[in-house]
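Here are the chains, one letter per residue:
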Amino acid sequence: MTIPRQIGPETGPRTALPDYSRSNATVERMVSDLRGSPRDRGANGAVRALFPTAVTRDTLIRAVVSAILLGGTVVTAATLLLLALGLEDGRSPGIGLLIVMLSLGGIGLILFALGLRFGAVALATSRSRVEISEHGLRVVGAFRSREVPWRDILAVESRVVHPVHWLTAALRLRDGSRVVMPAFDRHIWNYSQPSGQDIRALRIELKKQEKSARRPF
């Protein structure tokens, strides 16, 4: 199938799509070419990047949740302070008040930890990406980035549980360690959904690199 480069004469000679020959007109390449932009390909086309599916939405949601949780921490801390100031001088709190204060302290610590977690993940969402090149992958997270050569990658795992990122994707290396890819952090409402096209693209690229490395010169 050949796709015309121009819309019909009734609309004028306006370019519609690139010209694809019968041998290479696949849906994947068409979508890649139509969606490609300078930000996800290098000047020579050798590097492209994978980003979170909805960067703005996910960053906003996680930042708002972080702000709410940290606000809850401030409220519990203020309540504890008021309870402590309400004690008479030289008297210790009763058993009931002590239980309430310890409960508030525990809740405050949990809210603070969750607030920091969502804040870190919001920052990771806004910055994260996975850059693909012929040499390997560059994984960018919230605070640092890491270069991973193709020869060190054993597999691309799509359902990795992490204490900060929760359900995400990661590279399993040959030394047994993992490199988490924050660009693929998932919300709780899509935990049951299968991995997306970007994960499949990474796996396909990894297989290509493995075949190329085994190919005799």
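For every chain, the first residue of the written sequence is number 1, and numbering continues from 1 onward in sequence order. It should be noted that, the model being predicted, local features are given only for residues of pLDDT at least 70 and side-chain atom pairs only at 80 or more, the latter also being counted only at that level, while totals for whole chains, interfaces and linings use all residues. Derived side-chain values reflect all non-hydrogen atoms in the structure, with water molecules and hydrogen atoms excluded from consideration.

Concerning the nonpolar core
Considering soluble globular proteins, one finds that nonpolar side chains tend to be buried as a cluster.
Stage number 1. By nonpolar core is meant a set of buried Ala, Val, Leu, Ile, Met, Phe, Trp, Tyr and Cys residues that side-chain atoms within 4.5 Å join together. Only protein chains enter the accessibility calculation, which uses a 1.4 Å probe; a residue is then buried when its area is under 20% of its type maximum, exposed when over 50%, and partly exposed in between. In this structure, Leu137, Ile153, Leu171, Met181, Phe184 and Leu202 are the most contacted members of the largest nonpolar core, which totals 19 residues.
Stage number 2. Secondary structure elements follow DSSP: runs of H or I no shorter than four residues count as helices, runs of E no shorter than two count as strands, and numbering proceeds from the N terminus. At the level of secondary structure, the elements contributing two or more residues to this core comprise β2 (129-132), β3 (136-140), β5 (153-162), β6 (166-173), β7 (178-181) and α4 (197-214).
Stage number 3. Filtering out sequence-adjacent residues up to four positions away, Phe184 remains in contact with Leu50, Val130, Leu167, Thr168, Ala169, Asp198, Ile199 and Leu202. Whether two residues are in contact is decided by their heavy atoms: any pair within 4.5 Å suffices.

Topic: α4
Stage number 1. Look at α4: 26 Å from first C-alpha to last across 18 residues, which is about the 26 Å you get at 1.5 Å a residue.
Stage number 2. Taken as a whole, α4 has its buried residues at Ile199, Ala201, Leu202, Glu205 and Leu206. Viewed along the axis of α4, the buried residues span an arc of 155 degrees, placing them on a single side of the element. Relative to its buried face, α4 has exposed residues pointing more than 90 degrees away, namely Lys207, Lys208, Lys211 and Arg214.
Stage number 3. Where α4 is buried, its residues contact β1 (48-50), β2, β3, β5, β6 and β7. Every helix has an expected span of 1.5 Å times one less than the residues it contains. Each C-beta atom gives one direction from the helix axis, and the arc is the one those directions make.

Re the sheet that holds β5
Stage number 1. Taking strand neighbours across the sheet as the criterion, the three strands line up as β5-β6-β7 in an open arrangement whose pairing is antiparallel. Edge positions in the sheet fall to β5 and β7, since each has one partner strand and no second. Adjacent strand axes in the sheet meet at a mean angle of 30 degrees when their direction is disregarded.
Stage number 2. Paired strands, as defined in this entry, are two strands with at least two bridges between them according to DSSP. Pairing analysis gives seven bridges linking β5 to β6, with the strands arranged antiparallel. If you follow Val156 over to β6, its bridge partner there is Leu171.
Stage number 3. In the packing of α4 onto the sheet, the strands contacted are β5, β6 and β7, and the crossing angle to β5 comes to about 155 degrees. For helices, the axis comes from a line fit to the C-alpha atoms of the stretch in contact; other axes are also lines fit to C-alpha atoms, and the angle between any two N-to-C directions lies between 0 and 180 degrees.

Remarks on the side chain of Glu205
Stage number 1. Structurally, the position occupied by Glu205 is in helix α4.
Stage number 2. Within this scheme the basic residues Lys and Arg register as positive and the acidic residues Asp and Glu register as negative, but His and the chain ends are omitted. Here, a salt bridge means any side-chain nitrogen of Lys or Arg that lies within 4 Å of a carboxyl oxygen of Asp or Glu. For the buried residue Glu205, which engages in no salt bridge, the nearest side chain bearing the opposite charge is Arg48, 4.6 Å off.
Stage number 3. In contact with Glu205, not counting residues within four places along its chain, are Ile132 and Trp150.

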